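# Close look at the chain arrangement
Now for the letters of each chain:
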Amino acid sequence: MNTPRFHRRKKKLKVIVVAGARPNFMKVAPLIRQIRLMKARIELKFVHTGQHYDRNMSGIFFEELGMPRPDMHLGVGSGTHGEQTAGVLLAFEKILFSFRPDVVVVVGDVNSTLACALAASKLGIKIAHIEAGLRSFDRSMPEEINRIMTDKISDFLFTPSRDADRNLIKEGVARSKIFFVGNIMADSLLAHRAQAQSLHAEKTFGLTKNNYILVTAHRPATVDTKETLHKLLQGLSQLSRNQPVVFPMHPRTKSTLASFGLTGLVTLASSGNTPYVRGKVLALEPLGYLPFLSLMASASFVITDSGGIQEETTILKVPCLTFRETTERPITVTQGTNTVLGLNQNRLLKESKKILNGTYKKTGRIPELWDGRTAQRILRILLKQNYSYKS
Ligand code: UD1
């Protein structure tokens, strides 16, 4: 006799994944890809806050990373920190009321990250923070405040490195909430590396492989003070006598450059046809994910104040000089290819010279679990949990 088989229909896990600004897109893309493969077990809503809205700061990443259109777009846009954070909070709360997810997943450290975490926390909805535990220990950085506050109210703290675990433990976070899962940006980078390298983006700008310096700078501490931005650009224009210096420029940097009257130090290129002039920095429009990855992989080295680029250069084993006083990603210095310079023009020139004459010592190794499988590890953990509401 056949025994009847009963299938207990499990409730799907309701998840909202949030992205808002450029550095978020390569972090949510691998997660969304994995979730879509698990449609039977997870119901996803993907929310874009609209913190970044230009095509080359947002739309292009969706196409290149194969991401679906967001289910909801909050259209918050630019503003003061208060306006932006409050705008996202108000708009996101309405979405939480209507969809009532089991868990909200936020990534990184931008204003949208904190705003969405705060809205969820007040409604007793669980929060998963990817890239938890990173600390620069510099509270003048808006991102540091966003990291600390988001981690305080998160239920799942997914860390990219063991130093992040230690930071959280020191802050009194329960060990049961901390999950060392590796670096989710590595998932995107490793998935797109071959495609990016086949682009040979350097050729588009008349450059040759391993014979140019790639620069990015957009942090308020670097670009909002005339003296510091001037120091950086002077250093770069000196370097550009040795090798071409290319600088895809964030809108904030472009605007402060003009308002400080420093445009004379750069050639502003609006297309790939602008010739490189020795002694002048070649400023480009912001680039999409693939061309930027391509330029990074073939650069002789990178100068940046970005957080993510310190990690990406470590994965690509390209030397990186960080024009900042601190880093929240010390593993890129201890294990990777990164050196933190301070806001110091002399060190910029000294370390650059070492790279150019072949005496820079850091060849780097890939940190633990930066292996392209972080999204899978995160989802496995989220699916195992019990989502009874808090309080
Ligand atoms: C934000 C993040 C920062 C991240 C960076 C990456 C915060 C506090 N900061 O800084 O951590 O490294 O994104 O880019 O969340 N703008 C445009 N078009 C856009 C977006 C912005 O022109 O699509 C201009 C606007 O003038 C805006 C300015 O850039 O006021 C700054 O944008 P905002 O989102 O406030 O901060 P970011 O400097 O981009």
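## Quick look at the overall build of the protein chain
Scanning the protein chain for helices and strands turns up 16 helices and 14 strands. The C-alpha atoms of the protein chain give 22 Å as radius of gyration, which agrees with the globular expectation for 391 residues (21 Å, within 12%). In terms of its C-alpha atoms, the protein chain occupies a principal-axis envelope of roughly 85 × 50 × 40 Å. Every one of the 391 residues in the protein chain was classed for burial, and the buried ones make up 58%. A fraction of 69% describes how many contacts in the protein chain between residues 6 or more apart in sequence connect residues 24 or more apart. A total of about 17100 Å² of accessible surface is found on the protein chain, and carbon and sulfur atoms cover 52% of it. Across the protein chain, the mean location of the 55 positive side-chain charges is 5 Å away from that of the 31 negative side-chain charges.

## Section: the sheet that holds strand S5 (residues 126-130)
Strand pairing in a sheet takes place through backbone hydrogen bonds and is either antiparallel or parallel in direction. Within the open sheet, the seven strands sit side by side as S3-S2-S1-S4-S5-S6-S7. Their pairing is parallel. Whereas interior strands pair on both sides, the edge strands pair on one side only; in this sheet they are strand S3 (72-73) and strand S7 (178-180). Of the strand pairs in this sheet, S5 and strand S6 (residues 156-159) are connected by three bridges, and their pairing is parallel. Note on S6: the bridge partner recorded for alanine 128 is phenylalanine 156.

## Concerning the sheet that holds strand S13 (residues 320-322)
Strand order in this open sheet of seven strands is S10-S11-S9-S8-S12-S13-S14, and the pairing throughout is parallel. Here the strands that pair on one side only, and so sit at the sheet edges, are strand S10 (266-268) and strand S14 (338-340). Averaged over all adjacent pairs, the angle separating strand axes in this sheet is 25°, with direction ignored. Pairing of strand S8 (residues 213-216) with strand S12 (residues 301-304), which is carried by four bridges, proceeds in the parallel orientation.

## Thoughts on the site of the ligand
Inspection of the region around the ligand gives 18 residues, with His52, Asn111, Glu143, His218 and His250 positioned closest. At 2.8 Å, a side-chain N or O of glutamine 51 approaches an oxygen atom of the ligand. Interatomic distance of 2.8 Å between a backbone N/O atom of asparagine 111 and an oxygen atom of the ligand. Out of a free accessible area of 740 Å², the ligand has 84% covered by protein chains. Those elements giving two or more residues to the shell around the ligand turn out to be helix H3 (81-99), helix H5 (142-153) and helix H11 (251-259). Of the residues assigned to the shell around the ligand, the class counts are six nonpolar, eight polar and four charged.

## Description of the nonpolar core
Residues Val17, Leu31, Phe158 and Leu382 are the most contacted members of the largest nonpolar core, which totals 64 residues. Not counting residues within four places of it along the chain, the set of residues in contact with leucine 31 comprises Val17, Val105, Ile130, Ile184, Ala375, Ile378 and Leu379. Judged by nonpolar contacts, the second largest core, of 27 residues, contains Ile213, Leu229, Leu233 and Val245.

## Some points on the pairing of strand S11 (residues 281-284)
Burial along S11 is two-sided: the residues Val281 and Ala283 and Leu282 and Leu284 are all buried. Pairing of strand S9 (residues 245-248) with S11, which is carried by three bridges, proceeds in the parallel orientation. Considered in S11, the bridge of phenylalanine 247 is made with alanine 283. The pairing of S10 with S11 spans three bridges and is parallel. Counted as the bridge partner of threonine 267 is leucine 282 from S11.

## Description of the packing of aromatic side chains
For the coordinates displayed, the defined rule picks out six aromatic pairs. Centroid distance phenylalanine 25 to phenylalanine 61: 6.0 Å. Interplanar angle 40°. Geometry classified as tilted. Placement of the pair is phenylalanine 25 in helix H1 (residues 22-37) and phenylalanine 61 in helix H2 (residues 55-64), with a sequence separation of 36 residues. Comparing phenylalanine 25 with phenylalanine 61, the two get one shared label, buried. Through pairs of rings, three or more aromatic residues link up here, namely Phe25, Phe46, Phe61 and Phe62. In this structure, lysine 14 packs its charged tip against the face of phenylalanine 99, placed 4.7 Å from the ring centre.

## Description of the side chain of histidine 129
Take histidine 129: it is sitting in strand S5. In contact with histidine 129, not counting residues within four places along its chain, are Val106, Val107, Gly108, Thr113, Thr150, Asp151, Ser154, Phe156, Leu157 and Phe158.

## Concerning the pattern of salt bridges
Working definition: two side chains of opposite charge can pair if their charged atoms are close together. The tally for this structure, following the rule as stated, stands at 20 salt bridges. Arginine 329 is the salt-bridge partner of glutamate 311, the closest N and O atoms lying 2.8 Å from each other. In this pair, glutamate 311 sits in helix H13 (residues 308-316) while arginine 329 sits in the loop between S13 and helix H14 (331-334), placing the two residues 18 residues apart along the sequence. You can call glutamate 311 buried: its relative accessible area is 2%. Across the pair arginine 377 and aspartate 371 runs a salt bridge whose closest N-O atoms are separated by 2.7 Å. Overall, the relative accessible area of 28% leaves aspartate 371 in the partly exposed class.

## Some remarks on the side chain of glutamine 243
Of note, glutamine 243 is situated in the loop between helix H10 (226-239) and S9. Here the side chain of glutamine 243 touches serine 300 through a polar contact of 2.6 Å, side chain to side chain.

## Quick look at the environment of threonine 49
Along the chain, threonine 49 turns up in the loop between strand S2 (42-48) and H2. Owing to a relative accessible area of 0%, threonine 49 belongs among the buried residues under this scheme. Residues threonine 49 and glycine 75 lie 26 residues apart in sequence; the distance between their C-alpha atoms is 5.9 Å. Apart from residues no more than four positions distant in its own chain, threonine 49 is found in contact with Val18, Ala19, Gly20, Leu74, Gly75, Val76, Val88, Ser112 and Cys116. Separated by 3.2 Å, the side chain of threonine 49 and the backbone nitrogen of glutamine 51 make a polar contact.

Criteria and thresholds
Residues numbered from 1 in each chain as written. Predicted model: local features only at pLDDT ≥ 70, side-chain atom pairs only at ≥ 80, totals over all residues. Heavy atoms only, no water. Helix = DSSP H or I, 4+ residues; strand = E, 2+ residues; numbered from the N terminus. Rg over C-alpha atoms; globule rule 2.2 N^0.38 Å. Buried < 20%, exposed > 50% of the residue type's maximum accessible area, 1.4 Å probe, protein only. Contact = heavy atoms within 4.5 Å. Areas by Shrake-Rupley, 256 points an atom, 1.4 Å probe, with all protein chains shown as cover. Lys, Arg positive; Asp, Glu negative; His and termini not counted. Charge placed at Lys NZ, Arg CZ, Asp CG, Glu CD. Pairing = 2+ DSSP bridges. Axes fitted to C-alpha atoms, helices over the stretch in contact; angles between N-to-C directions. Near = heavy atom within 4 Å. Polar contact = N/O pair within 3.5 Å; in protein donor to acceptor, adjacent residues only side chain to side chain. Nonpolar A, V, L, I, M, F, W, Y, C, P; charged D, E, K, R; others polar. Core = buried A, V, L, I, M, F, W, Y, C linked by side-chain atoms within 4.5 Å. Phe/Tyr/Trp six-rings, centres within 6.5 Å; stacked < 30°, edge-to-face > 60°. Lys NZ or Arg CZ within 6 Å of the ring centre and 35° of its normal. Salt bridge = Lys/Arg side-chain N within 4 Å of Asp/Glu carboxyl O.

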